[in-house]
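These are the residues of each chain, in order.
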Amino acid sequence: MEAFNVSDFAALIGIDWADRKHDICEINRDTNTQHLSVISSEPKSINAWALELKQRYNGRSVAVACELKKAHLYMHSVNLSTLYYL
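Residues numbered from 1 in each chain as written. Predicted model: local features only at pLDDT ≥ 70, side-chain atom pairs only at ≥ 80, totals over all residues. Heavy atoms only, no water.

### Quick word on the confidence of the model for the protein
Interpretation of this model should avoid reading the predicted coordinates in detail wherever pLDDT is low.
And step 1. The predicted model of the protein has a mean per-residue pLDDT of 81, with 74% of residues at 70 or higher.
And step 2. When the elements of the protein are averaged for pLDDT, helix α2 (residues 69-76) gives the smallest value, 52, and strand β3 (residues 33-40) the largest, 96. (pLDDT = per-residue confidence, 0-100. Helix = DSSP H or I, 4+ residues; strand = E, 2+ residues; numbered from the N terminus.)

### Comments concerning the pattern of salt bridges
And step 1. This structure, assessed with the given rule, holds four salt bridges.
And step 2. Residue K21 pairs with D23 through a salt bridge whose shortest N-O separation is 3.0 Å.
And step 3. We classify K21 as partly exposed; its relative accessible area is 39%.
And step 4. R56 is the salt-bridge partner of E26, the closest N and O atoms lying 2.8 Å from each other. (Salt bridge = Lys/Arg side-chain N within 4 Å of Asp/Glu carboxyl O. Buried < 20%, exposed > 50% of the residue type's maximum accessible area, 1.4 Å probe, protein only.)

### Thoughts on the side chain of E26
And step 1. Examined against the element boundaries, E26 turns out to sit in strand β2 (residues 21-28).
And step 2. A distance of 2.8 Å separates the side chain of E26 from the side chain of R56, its partner in a polar contact.
And step 3. Leaving out residues up to four positions away in the same chain, E26 has contacts with L12, I13, T33, Q34, H35, L53, R56 and Y57. (Polar contact = N/O pair within 3.5 Å; in protein donor to acceptor, adjacent residues only side chain to side chain. Contact = heavy atoms within 4.5 Å.)

### Topic: the environment of L36
And step 1. For L36, the location among the structural elements is in strand β3.
And step 2. Separated by 23 residues in sequence, L36 and I13 place their C-alpha atoms 9.8 Å apart.
And step 3. With near-sequence residues (within four places) excluded, L36 lies in contact with I24 and C25.

### Quick notes on the nonpolar core
And step 1. Counting residues in each nonpolar core, the largest one holds 14 residues, and the members touching the most others are I13, I15, I24, W49, L53, Y57 and V62.
And step 2. The set of elements that each furnish at least two residues to this core consists of β1 (11-17), α1 (43-56) and β4 (62-66). (Core = buried A, V, L, I, M, F, W, Y, C linked by side-chain atoms within 4.5 Å.)

### With respect to the environment of C25
And step 1. Within the element layout of this structure, C25 appears in strand β2.
And step 2. Residue classification places C25 among the partly exposed residues on the basis of a relative accessible area of 26%.
And step 3. Separated by eleven residues in the primary sequence, C25 and L36 have C-alpha atoms spaced 4.7 Å apart.
And step 4. Filtering out sequence-adjacent residues up to four positions away, C25 remains in contact with L12, I13, G14, Q34, H35 and L36.

What follows is the structure in structure tokens.
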């Protein structure tokens with residue numbers, strides 16, 4: 001497993017994965033600000049959120065930590081090379 005530094009990422013994101021909704025905490029490393037949000041568990045909502053991240057951070061790498069193992073399977077389907085799942 002590759003070791004990462006916090007400084008490798010434009011944002012650090014934690015997701016509390018649930019059946020109906022996902023609570024998200026995003027820390028922008030440039031501004032050191034925190035943004036809390038909630039998205040639907042629908043695949044299209046997850047995909048739209050991930051695409052917004054890519055745009056917001058200009059394609060730079062972001063770290064995503066999910067609560068459950070199965071969340072990785074859903075997030076991986078987004079297929080954005082700039083998302084790193086921790």
